[in-house]
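Examining the three-dimensional arrangement
Each chain is listed here by its residues.
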Amino acid sequence: MKVLCDFCYRKCQISENGYGWCRVRKNEKGRIESEGFGHIPAIASDPVEKKPLYHFLPGTMTLSLGASGCNLSCDFCQNWTLSQNHEKGEYIAAEAVVEFAGKNGFPSISFTYSEPLVWQDYMLETAAKAKEMGIRTIMVSNGDASEEAMNRILPLLDAFNIDLKGDEGFYRNICHGELQPVLRTIQRITESGKHLEVTTLVIEGIHDGKMIRALGKMLEDSGVSVWHLTRFYPHYKMIDRSPTSELYLAKIIDIAKETNIPYIYPGNSVLKAETRCPGCGKTLRKHIGETIEDGSCPYCGERIYGVWN
Ligand code: SF4
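Residues numbered from 1 in each chain as written. Predicted model: local features only at pLDDT ≥ 70, side-chain atom pairs only at ≥ 80, totals over all residues.

Here we look at the overall build of the protein
Operational definition: Helix numbering and strand numbering both begin at the N terminus, where a helix is a DSSP run of H or I of at least 4 residues and a strand a DSSP run of E of at least 2. The contact rule is simple: place each C-beta atom from the backbone, and if two of them lie within 7 Å, those residues are in contact.
What the protein contains, in helices and strands, is eight helices and 16 strands. With the C-alpha coordinates aligned to their principal axes, the bounding extent of the protein is approximately 60 × 45 × 30 Å. Considering only contacts within the protein whose residues lie at least 6 apart along the sequence, 67% involve residues at least 24 apart.

Spelled out as structure tokens, the structure:
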């Protein structure tokens, strides 16, 4: 008997003893299970800015976890040994993660490095326990989710960084995924009022001004406030390409700033990442790890998007 997995937009119908597209979800004698549930090959303490989240508890560390697997297969994947090769890790119970975070003073736990959508059963169990302990949770995702997954995730998670990787052709040809479910996920997060920042990896020669304007329009229409444009460095199946130059990223940032998205930041770059008030234009912080007292501009009182404490 086939079973349906609704963890992501693919909605795989999995045959008995078979696997879904991600090779994480499997049909075990008519019951759906996750291979390697709770086995975590990647665990680290990261500045929250590394997710990247620049407007969520700035200057704090987050306990970052990554299990194996992904529902996409991007030719430029930076974590392909985890997402595609399915590294094995030690089993760590959700309670143990939350207890460790609590004892060591982490204000947040991040589900990151690979694609948490395909191991969302473990993420949701951990997030529920973290919520009981008053620890916030962060999901770093490609956003190619199902509606059912977002119904489960939104009530529990506190903050999101979602990739908007490119246009439809880019998703189809380079990521082997789809754009529309990502846009729907972004829309649902903004509607929910949960914290959201969006990231686009800029590949010189692919992400031109036209594509950046189109992506910016999509984000504007969804009410996104924070957009990170980060510099590509060659990985996985795209090692023959040159890294995106600083000059090119600066040009792309200028184009992105033509939109009404109030906070636009360069990533993986030497370019300045300061925060300006969208009301009066004054500089609010020169370093992204600093907080903004009371979450408002001290010069004009404008509310600054974010979770500041
Ligand atoms: S997580 Fe996505 S890719 Fe994996 S089995 Fe479920 S629906 Fe398919």
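Observations concerning the packing of helix α7 (residues 209-221) against helix α8 (residues 246-256)
Going by this rule: Working convention: axes come from line fits to C-alpha atoms, limited for helices to the stretch in contact. Angles between N-to-C directions cover 0 to 180 degrees. Orientation labels follow simple angle bins: below 35 degrees gives roughly parallel, above 145 gives roughly antiparallel, 65 to 115 gives roughly perpendicular, and whatever is left gives oblique. Note on convention: the crossing is left-handed when the near helix lies turned anticlockwise from the far helix by less than a right angle, right-handed when the turn is clockwise. Side-chain classes follow a simple rule in which Ala, Val, Leu, Ile, Met, Phe, Trp, Tyr, Cys and Pro form the nonpolar group, Asp, Glu, Lys and Arg form the charged group, and the remainder, Gly included, forms the polar group.
Contact geometry for α7 and α8: axes closest at 9 Å, N-to-C directions at 40 degrees. Relative to α8, α7 is oriented oblique. Our pair here, α7 against α8, has a crossing hand that is right-handed. Of the residues in α8, those touching α7 at Gly209, Ile212, Arg213 and Gly216 are Ile252, Ile255 and Ala256. Its residues placed into classes, the contact of α7 with α8 shows four nonpolar, two polar and one charged.

Overview of unusual backbone geometry
Negative phi characterises most residues that are not glycine, and trans characterises most peptide bonds. The omega torsion of the bond from Lys51 to Pro52 falls at -5 degrees, within 30 degrees of zero and hence cis. Despite not being glycine, Lys11 has its phi angle at roughly 45 degrees, a positive value. You can see Lys11 is positioned in the loop between β1 (3-4) and β2 (13-14). Not every positive phi belongs to a glycine, and Asn17 is a case in point at roughly 65 degrees.

Some thoughts on the environment of Glu178
Relative to the elements of secondary structure, Glu178 occurs in the loop between α5 (168-175) and α6 (180-192). The sequence separation of Glu178 and Phe106 amounts to 72 residues, and the corresponding C-alpha distance is 35 Å. Glu178 has contacts with Tyr9, Asp144 and Tyr171, leaving out every residue within four places of it along the chain.

Some thoughts on the site of the ligand
Applicable threshold: We call a residue near a molecule or strand if the C-beta atom, set from the backbone, is within 6 Å of it.
Around the ligand sit 13 residues, and of these Cys5, Cys8, Cys12, Gly20 and Cys22 come closest. Along the lines of polarity and charge, the residues of the shell around the ligand split into eight nonpolar, two polar and three charged.

A look at the pairing of strand β9 (residues 108-111)
Residues in a regular strand point their side chains to alternate faces of the sheet. Selection rule: Any residue with 12 or fewer other C-beta atoms within 10 Å of its own C-beta is exposed, any with 20 or more is buried, and the rest are partly exposed; the C-beta atoms used are placed from the backbone. At least two DSSP bridges between two strands are needed for those strands to be called paired. When the strands point away from the viewer, a crossover counts as right-handed if the path from the first strand over the helix to the second runs clockwise.
Residues Ser108 and Ser110 line one face of β9 and the alternating positions Ile109 and Phe111 line the opposite face, and both faces are buried. Sheet analysis places strand β7 (residues 61-66) next to β9, joined by four bridges and oriented parallel. Bridge pairing links Leu63 to Ile109 in β9. Here four bridges tie β9 to strand β10 (residues 136-141), and the two strands are oriented parallel to one another. Bridge pairing in β10 places Ser110 opposite Ile138. Considered for its hand, the β-α-β crossover made up of β9, helix α3 (residues 120-133) and β10 is right-handed.

Thoughts on the sheet that holds strand β11 (residues 159-163)
Sheet strands pair via backbone hydrogen bonds, and the direction of the pair is either parallel or antiparallel. Taken together, eight strands build an open sheet; the order of strands is β6-β7-β9-β10-β11-β12-β13-β14 and the sheet is mixed. The sheet terminates laterally at β6 (42-47) and β14 (263-267), the two strands that pair on one side only. Neighbour-to-neighbour, the strand axes of this sheet turn through a mean angle of 20 degrees, independent of strand direction. Where strand β13 (residues 226-231) lies against β14, five bridges are found, and the strand directions are parallel. Bridging from a neighbouring strand, Trp227 pairs with Ile264 of β14. Of the strands in this sheet, β12 (195-202), β13 and β14 are in contact with α8, which crosses β13 at around 160 degrees.

Digging into α6
Here is the rule we go by: An expected span of 1.5 Å times one less than the residue number is assigned to each helix. Taken from the helix axis, the directions to the C-beta atoms give the arc we talk about.
Under the 1.5 Å per step criterion, the end-to-end length of α6 is 18 Å for 13 residues, consistent within 8% with the ideal 18 Å. Among the residues of α6, Pro181, Val182, Thr185, Ile186, Arg188 and Ile189 are the ones counted as buried. Buried positions in α6, seen along its axis, are confined to an arc of 165 degrees and lie on one side of it. The exposed set on the far side of α6, more than 90 degrees from its buried face, consists of Gln180 and Glu191. Just past α6, the residue Gly193 takes up positive phi, approximately 85 degrees.

As for the environment of Phe160
Within the fold, Phe160 resides in strand β11. On the basis of neighbour count, Phe160 is assigned to the buried category, with 27 C-beta atoms found within 10 Å. When the C-alpha positions of Phe160 and Ile252 are compared, they lie 23 Å apart, and in sequence the two are 92 residues distant. Residues contacting Phe160, with those up to four places away along its chain left out, are Met139, Ser141, Ile189, Lys194, His195 and Leu196.

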